[in-house]
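Remarks on the overall topology
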Amino acid sequence: MSAKWAVLARLCALAVDLTSARYPCTMSAFVRASLLGLVLLPCAVHAQPGDPDLLRDVDPMIGTQRMGHVYPGATAPFGMVQVSPDTDTLPYAVNGRYDPAVYRTCSGYQYDDSTIVGFSHTHFSGTGHSDLGDVLLMPTCGTLQLDPGTADAPEKGFRSVYHHRHEHAAPGYYSVLLEDDGIRAELTATTRVGLHRYTFPRRDGVHVILDLVHGIYNYPDKNVWTFVRVENDTLVTGYRQTNGWARTRTVYFAIAFNKPITHYGQQPDPRPVVYHGFWGKFDQTRDFPEMAGRQLRAWFDLDLGTDSTLLVKVALSSVSTAGALNNMQAEVPQWDFDGVVQATQDAWRQELGRITITSDRPEVPINFYTAMYHACLSPTVYMDVDGRYRGLDQNVHLATGFTNYTTFSLWDTYRALHPLFNIIQRKRSSDLVNSMLAHYDQSAEHMLPVWSHYANENWCMIGYHSVSVIADACVKGITGFDVEHALDACVETARTVYYGGLGDYMEQGYVPEDRSGSSVSKTLEYAYDDRCIAHLAERLGRTDLAKEFMARSFAFRQVWDSTSHFMRPRHADGSFLRAFDPLATDQPGFVEGNAWNYSLYVPQEPAELAALYSGPRRFREHLDSLFTMPLDDKYFANTEDITRDGVIGNYVHGNEPSHHVCYLYNYTDRPWMTGHRARQVMAAMYRPGPDGLSGNDDCGQMSAWYIFSALGFYPMEPGTDRYELGAPVVGSAGIHLENGRTFTVRTKGQGERNTYVQRVLLNGKPLDRTFILHHEIMDGGELLFELGPKPPKH
């Protein structure tokens, strides 16, 4: 850094310290960079050299704009509570038809929105479909309003205008000024409890609204039932059951105030009810301690006394209100907001510190540690402090010997997130596998999870990628689960004939398009999953199963069209689909991708894939064309998960099916192009700023891709012990392993333009291969990349 930049950095740091003296770690990296209008100055966007606090390089606002679909609010690592602002009330459907506008609100928050409706306690991170948004609280003062209003007319409801200059986000902390009433709202969280601190401009006329009508991807009949009890003048309990993406989902809650409730009431559901029972003898709208209905909004007036600050605890449970209250008493027994912030941020420091990096480029630590942060948001804990949780069968179970998790976005996360955990979160990986096996044991279909959340299988996407997660854990030495039972679960899942064309797949060797849609995508993904089962069976000595599933894993051959040189949909009679455009993402045969990208999905046989394209040189030319050819917007206009943001040429990084493609260059005549392409993608698709993610983060998969690629290696075929080498963007990195060892990545000649690997050394010895093995990481040691601006001569 030049002397001029160093002086400016000192001035910026001083301004930040003066501005954020109360919470030195709560200003987001982007906000710190924006201070004094120096967004683009390299000195202004990350912590100073020698600063050990990794939180300074995390910006939860990255990905909150456009396609990232992440939320900026407060949560603990893998926390069950995600307390975060929701910025609109768009319905899932208008006039009975899906409203595409709702897609932008998958996380509840969209950076471009100008109002905040309130703060709910459950959110997905980075998904392309949604649910949740439970138990929304909104502080107000003055005239009580019980309708949320609209973004165009916020003054007609309880929502409030806000501006980003009055908004701060960091791991474990969020704050914003609700400008309509001048209320400062601050949020923090433990694993199962959200803690709010509201600072009011006045001490009279103070209200807190509890909105149980609100939800993400909401519709009028989504609430099956809601229930509220006012237990005393500081405690409220209740639950709501919804029918959405999870069709039978129940959330129990307990809410505690540190100031007494003086009056309370509800806004009844205005829709006609056939049966009222004998409740009509009461005025249930005001100061009646029990409330119930399908659409329920409650309000609470509070006496602040001589203080203008109100604290509110909200604990959740899937089991009961007693469970929620027990969670609250166990995790937040006091009213110490600052102490909770400190404890949760210390937990985040521990997770972030599992990998430490250096870089001379200021955007790299921000991108890296924000990716680490996003990678630790999912899956989420799903059990009370006593180990009880609601299972897939809707009964209450006890997790014995493991922590139960939910939010398994497996079509996305099997690719890189779970392999990342198998290096740096090995105990948690064991818990995740046990959670999947518990799902299987409770499943009426006797299947492992496909996409599951909150005691529900939602059946989103394709494949049976739990088997990849299990096989990868097994091959990488994760213990603490019944491996034989896991294999049985994998096999039974893969033999479920009524799931996604599997019956035809087993009978004909491929999924016929005229019998089951997305047939090529299914065939390719089933074939990969089957290879994972084959590896697992072979490892356990089940040669019969290994032979069966190894044969199934070559099913990609059945959909290869040697005339067009693409994977192509086939009918049950064996003929290929005639109308075929390899560029279109919405044509029959494929899901969220086109034939150009999906035809490269054979991670279990990359050498054979290269041979299908007539060998390494032709295969490399084909890959080059993918990255350089133009792709007109019309080809993805009808696919909401793909936008121009995530496209380079015809390579689609904004969605998962192509995430391994850069690493296929290792099977061409120019393997150094692997690192060059990976660096190209990192530079184009990841950057500081709210629009810094090129596509849905998908519960951490987009971030995990960056973490691996920034370190210089990637698990192209999870379920094996092999990582393909690329080109790191970090200067150096230390991966601090749970076994006490450290695996170090170093670079020589690192620079923004030095994207070609010249040579790789492992523990001082030159590597003559383009991959490393898992045990070489876990043994500790050093991986050295020598980089240059041009391809190597050898």
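Use the structure listed above.
Residues numbered from 1 in each chain as written. Predicted model: local features only at pLDDT ≥ 70, side-chain atom pairs only at ≥ 80, totals over all residues. Heavy atoms only, no water.

**Quick word on empty space enclosed by the protein**
Empty space among the atoms can be located by rolling a probe the size of a water molecule over them. Basically, it comes down to this: The distinction between a cavity and a pocket rests on a 1 Å grid over the protein atoms alone: a 1.4 Å probe fits inside a cavity but cannot get out, while a pocket stays open yet meets protein on both sides within 12 Å along at least five of seven lines, and a residue with an atom within 4 Å of a point counts as lining. Grid points are joined across faces, edges and corners, and a volume is the space filled by probe spheres set on the points. Secondary structure elements are defined from DSSP: runs of H or I of at least 4 residues count as helices, runs of E of at least 2 residues count as strands, and each element is numbered from the N terminus. Under the grouping applied here, Gly and all other residues not named as nonpolar or charged are polar, the nonpolar ones being Ala, Val, Leu, Ile, Met, Phe, Trp, Tyr, Cys and Pro and the charged ones Asp, Glu, Lys and Arg.
Taken as a whole and assessed by the stated rule, the structure comprises seven cavities of 30 Å³ or more. Put simply, the largest cavity is a space of about 130 Å³. The biggest single contributor to the lining of the largest cavity is helix α8 (residues 426-442), with four residues. Split into classes, the residues belonging to the lining of the largest cavity amount to eight nonpolar, nine polar and one charged. Its volume calculated, the second largest cavity comes out at about 80 Å³. Every residue lining the second largest cavity is counted, 13 residues in all, and those nearest its centre are Tyr414, Arg415, Tyr601, His660 and Met716. Here the residues of the lining of the second largest cavity sort into nine nonpolar, two polar and two charged.

**Considering the side chain of His196**
As a reminder of what qualifies: Two N or O atoms count as a polar contact when they lie within 3.5 Å, although within protein this holds only if one can serve as hydrogen donor and the other as acceptor, and sequence-adjacent residues are included solely when both atoms are side-chain atoms.
Looking at the element boundaries, His196 is found in strand β12 (residues 193-199). Side-chain polar atoms of His196 contact the side chain of His121, separated by 2.8 Å.

**Focus on helix α17 (residues 673-685)**
Put simply, the rule reads: Expected helix span is taken as 1.5 Å per residue step, with the number of steps being one fewer than the number of residues. Buried residues are those whose accessible area, probed at 1.4 Å on protein chains only, stays under 20% of the maximum for their type, while exposed residues exceed 50% and partly exposed ones sit between those limits.
The end-to-end C-alpha separation of α17 is 18 Å, in line with the 18 Å expected for 13 residues at 1.5 Å each. All of the buried residues in α17 are Met673, Thr674, Gly675, Arg677, Ala678, Arg679, Val681, Met682 and Met685.

**Some points on the pairing of strand β2 (residues 82-86)**
For clarity, the cut-off: Strand pairing is assigned whenever DSSP detects at least two bridges linking the two strands.
Among the five residues of β2, five are classified as buried, and the element is accordingly described as predominantly covered. The sheet contact formed by β2 and strand β6 (residues 118-120) spans three bridges and is antiparallel. Within β6, the residue paired with Asp86 across the bridge is Gly118.

**Some thoughts on the packing of aromatic side chains**
To describe a pair of aromatic rings, you give the distance between the ring centres and the angle between the ring planes. What counts here: Pairs were defined over the aromatic rings of Phe, Tyr and Trp, the Trp ring being its six-membered one, requiring ring centres within 6.5 Å. Orientation was assigned from the angle between planes: stacked under 30 degrees, edge-to-face over 60, tilted for the rest. When the NZ atom of lysine or the CZ atom of arginine is within 6 Å of a ring's centre and also within 35 degrees of its normal, the charge is said to sit over that ring.
Enumeration over the complete set of coordinates arrives at 40 aromatic pairs. On the basis of an interplanar angle of 35° and a centroid distance of 5.7 Å, the ring pair of Phe227 and Tyr239 is categorised as tilted. A residue pair is termed long-range when its members are at least 10 positions apart, and Phe227 in strand β14 (residues 223-230) and Tyr239 in strand β15 (residues 235-242) qualify at 12 residues. Judged by relative accessible area, Phe227 falls into the buried class, the value being 19%. Relative accessible area serves as the criterion here: at 23%, Tyr239 is assigned to the partly exposed category. Ring centres 5.9 Å apart and planes at 70° place the aromatic pair Phe708 and Phe713 in the edge-to-face group. Side by side, Phe708 and Phe713 carry an identical accessibility label, which is buried. Cluster of aromatic residues (ring-pair linked, three or more members): Tyr663, Tyr686, Trp705, Tyr706, Phe708, Phe713, Tyr714, Tyr723 and Phe743. The lysine or arginine in question, Arg531, covers the ring of Phe554, its NZ or CZ lying 4.9 Å from the ring centre. Seen from the ring of Phe576, Arg570 lies directly overhead, with NZ or CZ sitting 5.4 Å from the centre.

**Overview of the sheet that holds strand β38 (residues 771-773)**
What the three strands build is an open sheet, ordered β32-β33-β38; its pairing is antiparallel. Looking at the sheet topology across the chains shown, the edges are occupied by β32 (713-714) and β38. Pairing analysis gives two bridges linking β32 to strand β33 (residues 722-725), with the strands arranged antiparallel. Note on β33: the bridge partner recorded for Phe713 is Leu725.

**Structural notes on the layout of surface pockets**
One number sums up the size of the largest pocket: a volume of about 570 Å³. Together, 21 residues line the largest pocket, and Trp225, His276, Gln284, Ala292 and Gly293 are the ones closest to its centre. Taken together, the elements giving at least two residues each to the lining of the largest pocket come down to β14 and β18 (290-293). Taken together, the residues of the lining of the largest pocket sort by class into 10 nonpolar, seven polar and four charged.

**Quick look at the packing of helix α10 (residues 483-494) against helix α13 (residues 543-552)**
The following threshold applies: To obtain each axis, a line is fitted to C-alpha atoms, and for helices this fit is confined to the stretch in contact; angles are then taken between N-to-C directions over 0 to 180 degrees. Our angle categories are set so that under 35 degrees counts as roughly parallel, over 145 as roughly antiparallel, 65 to 115 as roughly perpendicular, and the remainder as oblique. The sense of a crossing depends on the near helix, which, turned anticlockwise from the far helix by less than a right angle, makes the crossing left-handed and, turned clockwise, makes it right-handed. Any two residues whose heavy atoms approach within 4.5 Å are treated as being in contact.
With their axes 13 Å apart at the nearest point, α10 and α13 run at an angle of 45° to one another. In terms of orientation, α10 and α13 fall into the oblique class. For the element pair α10 and α13, the recorded crossing hand is left-handed. Residues Leu487, Val491 and Ala494 of α10 form the contact with α13, whose participating residues are Leu545, Phe549 and Arg552. Among the residues forming the contact of α10 with α13, the class breakdown is five nonpolar, no polar and one charged.

**Focus: the sheet that holds strand β16 (residues 249-257)**
A sheet is described by the order of its strands in space; here nine strands give the open sequence β9-β10-β11-β12-β20-β16-β15-β14-β18, paired in antiparallel fashion. Of all strands in the sheet, those bounded by a partner on one side alone are β9 (167-170) and β18. Averaged over all pairs of adjacent strands, the angle between their axes in this sheet comes to 15°, without regard to strand direction. Here β9 pairs with strand β10 (residues 173-178) via four bridges, running antiparallel. Residue pairing for β10: Ala169 is matched across the bridge by Tyr174.

**A word on the nonpolar core**
Note the threshold: Buried Ala, Val, Leu, Ile, Met, Phe, Trp, Tyr and Cys residues that are joined via side-chain atoms within 4.5 Å together make up what is termed a nonpolar core.
Core analysis: the biggest nonpolar cluster contains 169 residues, and Phe368, Ile423, Tyr706, Phe713 and Leu783 have the highest contact counts within it. Counting residues per element, this core draws most heavily on helix α12 (residues 519-539), at 10 residues. Once residues lying within four places of it in the same chain are set aside, the contact partners of Leu783 are Phe713, Leu725, Phe743, Thr744, Val745, Arg746, Val760, Leu761, Leu762, Leu767 and Ile772.

**Focus on the pattern of salt bridges**
Keep this limit in mind: The rule for a salt bridge is simple: a side-chain nitrogen of Lys or Arg has to be within 4 Å of a carboxyl oxygen of Asp or Glu.
One pass over the structure, following the stated rule, counts 46 salt bridges. Its salt-bridge partner being Arg354, residue Glu738 comes within 3.5 Å of it at the nearest N-O pair. Of this pair, Glu738 sits in the loop between β34 (732-736) and β35 (742-748) while Arg354 sits in the loop between α4 (337-352) and β21 (355-358), and the two are 384 residues apart along the sequence. Residue Glu738 is classed as partly exposed on the basis of its relative accessible area, which comes to 40%. Note that Lys476 is salt-bridged to Asp472, the shortest N-O span being 2.8 Å. For the pair Lys476 and Asp472, one class covers both residues: buried. What you see here is one network of salt bridges that share partners, running through Asp131, Asp134, Lys222, Arg240 and Arg249.

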